Amino acid sequence: MTSIGKIFLTSAHKRLSYYKDLGDKALAVLEEKDLYYQPNTASNTIAVIIQHLSGNMLSRWTDFLTSDGEKPWRQRDAEFENSMADKKALIAQWQQGWACCLDSIASLQEADLLKTIYIRHEPLTVMDAINRQLAHYPYHVGQLIYIARMIRNDQWQSLSIPKNQSQQFNEAMQKPH
């Protein structure tokens, strides 16, 4: 029998991997100029979202169990400035952040879940810290996808169940695999 802790860690890794995959698919259809599209002055560009997610992931998940998740080397405010990096550099940042996050979660053991870690000196259980990031990362991946969808407009290919195809999707899910 698998324990609840192992199930939780497997589920967290699976869910985060799913959101990374959604982001990967959205980024794959964008041109470099699209990464700097800004719907309005209050909105972040996709490049900024990538910089922020990567910065957050590297800070939170580097030495996850042994140091505060807000590292002194992190420059959070700079994450929200357009660096004008090219697409290749931004994708490398994206991949580096996700690798740090997913590798760290994969290394955790069930016994780690109730340990206390700190983010900005706030004590959290490991489980709570994971849940915190499970809420934070999909929020920003959703923003990234929403902007990508605006940019691609009629050329957008759904990343989940296409509009008006729920019935067909449900029927396909019921068939033996």
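Here the structure is a predicted model, which means the values were calculated and not measured. (Residues numbered from 1 in each chain as written. Predicted model: local features only at pLDDT ≥ 70, side-chain atom pairs only at ≥ 80, totals over all residues. Heavy atoms only, no water.)

On to the environment of Ala-78, then. Inspection of the secondary structure assignment puts Ala-78 in helix H3 (residues 76-79). Each C-alpha atom, one on Ala-78 and one on His-52, is 8.6 Å from the other, the two residues being 26 residues apart in sequence. (Helix = DSSP H or I, 4+ residues; strand = E, 2+ residues; numbered from the N terminus.)

To continue, consider the packing of aromatic side chains. Evaluation of the coordinates by the stated rule reveals 4 aromatic pairs. Connected via pairs of aromatic rings, a cluster forms that spans Trp-94, Trp-98 and Tyr-137. (Phe/Tyr/Trp six-rings, centres within 6.5 Å; stacked < 30°, edge-to-face > 60°.)

Of the two faces of strand S1 (residues 116-119), the one lined by Ile-117 and Ile-119 is fully buried and the one lined by Thr-116 and Tyr-118 carries no buried residue. As defined by bridge partners, S1 adjoins strand S2 (residues 122-125) across 4 bridges and the pair is classed as antiparallel. For Thr-116, the partnering residue across the bridge sits in S2 and is Thr-125. (Buried < 20%, exposed > 50% of the residue type's maximum accessible area, 1.4 Å probe, protein only. Pairing = 2+ DSSP bridges.)

A few words now on the side chain of His-136. By secondary structure assignment, the location of His-136 is in helix H5 (residues 126-152). Within the structure, the side chain of His-136 is placed 3.0 Å from the side chain of His-140, a separation counted as a polar contact. Excluding its chain neighbours within four sequence positions, the residues that come into contact with His-136 are His-52 and Asn-56. (Polar contact = N/O pair within 3.5 Å; in protein donor to acceptor, adjacent residues only side chain to side chain. Contact = heavy atoms within 4.5 Å.)

Next up on the list: the pattern of salt bridges. Tallied over the entire structure, the rule returns 12 salt bridges. Of the charged contacts in the structure, one is a salt bridge between Asp-21 and Lys-25, with a shortest N-O distance of 3.2 Å. Taken together, the residues span about one helical turn, with Asp-21 and Lys-25 both in helix H1 (residues 4-28) at a distance of 4 residues. Using a relative accessible area of 42% as the deciding quantity, one classes Lys-25 as partly exposed. Among the ionic pairs, Arg-60 bridges to Glu-70, the shortest N-O distance being 2.7 Å. Here Glu-70 lies in the loop between helix H2 (46-61) and H3 and Arg-60 lies in helix H2, a separation of 10 residues in the sequence. (Salt bridge = Lys/Arg side-chain N within 4 Å of Asp/Glu carboxyl O.)

Now for the side chain of Gln-133. By secondary structure assignment, the location of Gln-133 is in helix H5. Overall, Gln-133 belongs to the buried group, its relative accessible area being 2%. Here the side chain of Gln-133 touches Tyr-137 through a polar contact of 2.8 Å, side chain to side chain.

In this section: a nonpolar patch on the surface. On the surface, Tyr-37, Tyr-146 and Met-150 cluster together into a nonpolar patch covering about 320 Å² of accessible area. By the element assignment, Tyr-37 lies in the loop between H1 and H2. (Patch = residues over 30% accessible without salt bridge, like charges linked within 9 Å, V, L, I, M, F, W, Y side chains within 5 Å. Areas by Shrake-Rupley, 256 points an atom, 1.4 Å probe, with all protein chains shown as cover.)

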